[in-house]
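Inside the fold
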Amino acid sequence: MGGRYAAPRRRRQPMNWAATLAGCLVAAVVTQMTPAQAETTVPPVGSRGSFGSVSVGKAPRPPRVPVSGVAPKSTTPATPSSGSRTLQVHYAAPVRTASGVIDIVRTLERVTARGSRTYSYLIYPRAGYRPAQDWRTFPAFLAAAQARGIAVHITLTPPFTTSTDDAPCTANRLLPFKGNYDTWMREIGKLAKRFPNLTAVAMDDFAYDTTTRQPNRCNLFAPGTITRWKNILRAEAGRPISVMPVLYFRDVAGRRSIYPSIKAETTEVIWPFTQIGSGLLEQQYRLILKEQPKLKVYVMVYANGFKGVVPTQATIQSEVAAAKRLKAAGVIVYQESLN
């Protein structure tokens, strides 16, 4: 999700429009660009097509509005509270003070006002996020969230989005521990021992840094990585901590899926639904579960622009409602402004 965070974006890499020219919708879905390439416009949705064992019907064109990098502000929360058993998580976009420090109280107040009792805390070195400072703030955030009965996930970002150009795949901007992800897990595990409300670690854009995906960006996360991280977390925390990789549609469905290579390591994944406003969420979700019926899917719904399309409150509410109607394990509201 590196390029999806609001504010300055990295230069994108050239896109491959072959699937669009062929008029194949699922190829367009399955070859979704990484968020680092998300400044472009969504191509028109084509007619019925197939990819491997996956086929998806024609979808309406997503709504288009000027790209501002964030969803339109409103005094009405886009995600009202619901009694659904699907866990609702608000992710990123914390309120900050004038000095740039996360305003813990106001952030937690806004999260609960939008109907979530879980917040995913982002560690990221771009777009206004401050990894070393935000990491120092994290224990106080956990304590305040615990006092309010709020669970917390922490999201780490992968090497390809957190490295300087002269040191690719090192995550040298992801301070304080850089690309030493085992160290990150040890330190997170220690915090989880102190704060029982810390329940999960997410690894953003995991697929793009695996050894099993082609093309990939950094050939680092081999099969067994998630198991190792879970073992480190458990040893430090004294209890199991979930590790959830972020995987796109092509990574969990179709002939190029990488999920089978990590299936024994995790039954929980975060799936970003990138076809904002297309009406395809339910269809794609069912295709994923058809291939992986035991998979617990956390559907990520965009409240921030992607590929030139900015979601509206209507698209956010519709997609959150669809995830809950499908009884997804969770619905993660991505980057809804808490200001």
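Residues numbered from 1 in each chain as written. Predicted model: local features only at pLDDT ≥ 70, side-chain atom pairs only at ≥ 80, totals over all residues. Heavy atoms only, no water.

A separate point is the pairing of strand β10 (residues 330–334). Counting buried positions over the 5 residues of β10 gives 5, a clear majority of the element. Burial along β10 is two-sided: the residues G330, I332 and Y334 and V331 and V333 are all buried. Pairing of strand β3 (residues 87–91) with β10, which is carried by 5 bridges, proceeds in the parallel orientation. By the bridge assignment for β10, Y91 is matched with Y334. Judged from the 5 bridges that link them, strand β9 (residues 296–302) and β10 form a sheet pairing that is parallel. Residue pairing in the sheet places V299 in a bridge with V331 of β10. For the handedness criterion, the β-α-β arrangement of β9, helix α11 (residues 313–325) and β10 is classed as right-handed. (Buried < 20%, exposed > 50% of the residue type's maximum accessible area, 1.4 Å probe, protein only. Helix = DSSP H or I, 4+ residues; strand = E, 2+ residues; numbered from the N terminus. Pairing = 2+ DSSP bridges. Right-handed = clockwise from strand over helix to strand, strands pointing away.)

With that settled, the discussion passes to the nonpolar core. In terms of nonpolar packing, the biggest core is built from 71 residues, with W135, F138, L156, Y181, L247, W271 and V299 touching the most fellow members. The next biggest cluster of nonpolar side chains, apart from the first, holds 20 residues, and it includes A200, A202, V246 and F306. (Core = buried A, V, L, I, M, F, W, Y, C linked by side-chain atoms within 4.5 Å.)

Further remarks concern helix α3 (residues 104–113). Helical periodicity: at 3.6 residues per turn, an α-helix aligns residues three or four positions apart in one direction. Buried within α3 we find I104, T107, L108 and V111. Each buried residue of α3 sits inside an arc of 95° when the element is viewed along its axis, so together they form one side. Buried residues along α3 sit in contact with β3, β4 (118–122) and α4 (131–147). After α3 finishes, the residue G115 shows a positive phi value of roughly 90°. (Arc of directions from axis to C-beta. Contact = heavy atoms within 4.5 Å.)

It is worth spelling out the packing of α3 against α4 at this point. Relative orientation of the contacting elements α3 and α4 amounts to 45°, with a least axis distance of 10 Å. Between α3 and α4, the crossing angle belongs to the class labelled oblique. As α3 runs across α4, the sense of the crossing is right-handed. Between α3 and α4, the contacting residues are I104, T107 and L108 on the first element and T137, A140, F141, A144 and A145 on the second. Broken down by class, the residue content of the contact of α3 with α4 amounts to 6 nonpolar, 2 polar and no charged. (Axes fitted to C-alpha atoms, helices over the stretch in contact; angles between N-to-C directions. Parallel < 35°, antiparallel > 145°, perpendicular 65-115°, else oblique. Left-handed = near helix turned anticlockwise from the far one by under 90°. Nonpolar A, V, L, I, M, F, W, Y, C, P; charged D, E, K, R; others polar.)

Time to look at the sheet that holds β3. Strands belonging to one sheet form pairs held by backbone hydrogen bonds; the direction of such a pair is parallel or antiparallel. Strand order in the open sheet formed by 8 strands is β7-β6-β5-β4-β3-β10-β9-β8, with parallel pairing between adjacent strands. Either end of the sheet is taken by a strand with one partner, and the two such strands are β7 (242–245) and β8 (268–272). Strand after strand, the sheet turns through a mean of 25° between neighbouring axes, direction not considered. Both strand β5 (residues 151–156) and strand β6 (residues 198–203) contribute to a ladder of 5 bridges, which runs parallel. From the neighbouring strand, T155 faces β6, where its bridge partner is A202.

It is worth spelling out the pattern of salt bridges at this point. With the rule as written, the count across this model stands at 9 salt bridges. Close ionic contact of R228 with D182 constitutes a salt bridge, the shortest N to O distance being 3.1 Å. Residue R228 is found in helix α7 (residues 225–237), and its partner D182 is found in helix α6 (residues 181–194); the two are separated by 46 residues along the sequence. Owing to a relative accessible area of 38%, R228 belongs among the partly exposed residues under this scheme. Through salt bridges with shared partners, one network takes in R213, R250 and D251. (Salt bridge = Lys/Arg side-chain N within 4 Å of Asp/Glu carboxyl O.)

Residue-level pLDDT values for the chain average 83, and 76% of them are 70 or greater. Low pLDDT (under 50) marks residues 7–55, which in the prediction has 121 contacts with non-local residues, meaning those over four places away or in another chain. (pLDDT = per-residue confidence, 0-100.)

Glancing now at the side chain of D103. Considering the arrangement of structural elements, one finds D103 in the loop between β3 and α3. Assessed through its relative accessible area of 17%, D103 is described here as buried. In contact with D103, other than residues within four places in its own chain, are V95, R96 and T97.

Here we come to the state of the cysteines. Scanning all chains against the criterion turns up 1 disulfide. The side chain of C169 participates in a disulfide bridge whose partner is C218; the two sulfur atoms lie 2.0 Å from each other. Looking along the S-S bond of the C169-C218 disulfide, the torsion reads about -85°, which is the left-handed sense. Of this pair, C169 sits in the loop between α5 (159–162) and α6 while C218 sits in the loop between β6 and α7, and the two are 49 residues apart along the sequence. For C169, a relative accessible area of 29% translates into the label partly exposed. (Disulfide = S-S within 2.5 Å.)

With respect to the helices and strands, the residue T157 is situated in the loop between β5 and α5. For T157, a relative accessible area of 0% gives the class buried.

Now for the packing of aromatic side chains. Inspection of every chain in the model, using the stated rule, returns 20 aromatic pairs. A centroid spacing of 5.3 Å and a plane angle of 85° characterise the contact between W135 and W184, whose relative ring orientation is edge-to-face. Residue W135 is located in helix α4, and its partner W184 is located in helix α6; the two are separated by 49 residues in the primary sequence. Consider the rings of F177 and W184, whose centres lie 4.9 Å apart with planes at 85°: the pair is edge-to-face. Here F177 matches W184 in class, with each residue buried. A connected cluster of aromatic rings, assembled from ring pairs, spans Y119, Y121, W135, F138, F141, F177 and W184. The residue whose ring lies beneath R213 is Y208, and the NZ or CZ to ring-centre distance is 4.2 Å. (Phe/Tyr/Trp six-rings, centres within 6.5 Å; stacked < 30°, edge-to-face > 60°. Lys NZ or Arg CZ within 6 Å of the ring centre and 35° of its normal.)

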